[in-house]
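Examining the three-dimensional arrangement
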Amino acid sequence: MSPSYWKVTFENDPINLIDLDTVEQLGDLVTRMEQDPDLTVVVFQSANPDFFMAHFDLRSDMQRFYTTAPGPTGLLPYPDSLLRLSRVPAVTISAIKGRARGAGSEFVLNTDIRFAGSNAILGQPEVGFGAVPGGNPMGRLAELVGRGRAMEIVVGGDDFPAQLAAEYGYVNRVLPEDELDDFVDTFARRIAGFDKAAVSGTKEFVDAATAIPAGDYAAALAAIRRTGGARRTRITCAVSSNAACSSPRESNSISASTSPRGSEPLGRS
C-alpha cells in the first residue's frame, strides 16, 4: 500500500475487548497519525469477524483508568484518544464486521466514515446497567441520526442490526460480508490517490461544522464515573450472560499496515 494509506487491525482475543492497554496503544497510534505528513486515509478493521470491538473490559483497573496522566487535549487518555482521532488530518474509515457496542460503538462514531458488513451489530448498552455512556456517543449520534433516534439508541440500550443502523444514519451503508473488505479497500485507495492537502482541508471544514467541544467528552466521562461505579460493574458482570464478563484475555494488539508485506505491531500485553 501507499504510505498515504494505512490499515489498522484490532486483535484482543477472544472478543476484542477495549482495555487500558488498548487505550494506551490507540493514543500512540493517533499521535503517529497526526505526525505523518503523507497519511491521507486510515482503515480500521478487526481480526475477529464476530467482534469489531465488543465493549470496554469491565475487569480493567478503573483506578488506573481515572488517574493516568491526561493526553494532549487535557482529557484523560480514553476521551483524549477519541477526540484526537476525530480530528486527525486524514480520513478515517471503520470497516465493521461483528459487534461494535459500548466503547466499540464510541470508537467507530469518532471515525469519519462507517461501512458495515451485513452481520454487524452496533449499540450503546450502558444505560441498561445503570451508567451514562462515557465516550459521549450522545453528541455524535445526535448529529448523525437526529435527537429522537439518538435518544432511542442511547436510552433504549438495545442492539441495532446493520441494516437498521444504516437506515438511521448510524453507519454510512451496509455491504455483504464477503464484499465489505474489497469495497472499503477500493474506496480508501481512491481517497489515497487524491492530494493530501485537498483531503485534509476539506475534512477541516466538515469538522468545523460538526465539532464537539472537549468539555463534552470530559463531562460524559465524569458522568459514567458517577453512575457506573465499581460496585455496580461487578454486580453486572456477575449476573450477565454475556461471555465478555468471564472470558480470559489472551492477547492485546493493534497493528498498522502500510505495506502489502505485512503488519507493524504497535504492542502486545
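Now for a look at the structure at hand. Note that the structure is predicted; figures quoted are calculated from it, not measured.

Definitions and cut-offs
Residues numbered from 1 in each chain as written. Predicted model: local features only at pLDDT ≥ 70, side-chain atom pairs only at ≥ 80, totals over all residues. Heavy atoms only, no water. Salt bridge = Lys/Arg side-chain N within 4 Å of Asp/Glu carboxyl O. Helix = DSSP H or I, 4+ residues; strand = E, 2+ residues; numbered from the N terminus. Buried < 20%, exposed > 50% of the residue type's maximum accessible area, 1.4 Å probe, protein only. Core = buried A, V, L, I, M, F, W, Y, C linked by side-chain atoms within 4.5 Å. Contact = heavy atoms within 4.5 Å.

Okay, the pattern of salt bridges next. Scanning the entire structure with this criterion turns up 8 salt bridges. Notably, a salt bridge pairs Arg84 with Asp80, separated by 2.9 Å at the nearest N-O pair. Here Asp80 and Arg84 lie together in helix α3 (residues 77–87), a separation of 4 residues that amounts to about one turn. The class of Asp80 is buried, set by a relative accessible area of 2%. Among the ionic pairs, Lys97 bridges to Asp181, the shortest N-O distance being 3.1 Å. Within this pair, whereas Lys97 is found in the loop between β4 (91–96) and β5 (99–101), its partner Asp181 is found in helix α8 (residues 177–192), the two being separated by 84 residues in sequence. The class for Lys97 is buried, based on a relative accessible area of 19%. In this structure Asp181 comes out as partly exposed when scored by relative accessible area, which is 40%.

What follows concerns the nonpolar core. Counting residues in each nonpolar core, the largest one holds 46 residues, and the members touching the most others are Met33, Phe44, Ile96 and Phe107. Residues contacting Met33, with those up to four places away along its chain left out, are Trp6, Leu39, Val42, Phe44, Leu85, Val88 and Thr92.

Keep in mind that these numbers describe shape and distance, not what the molecule does.
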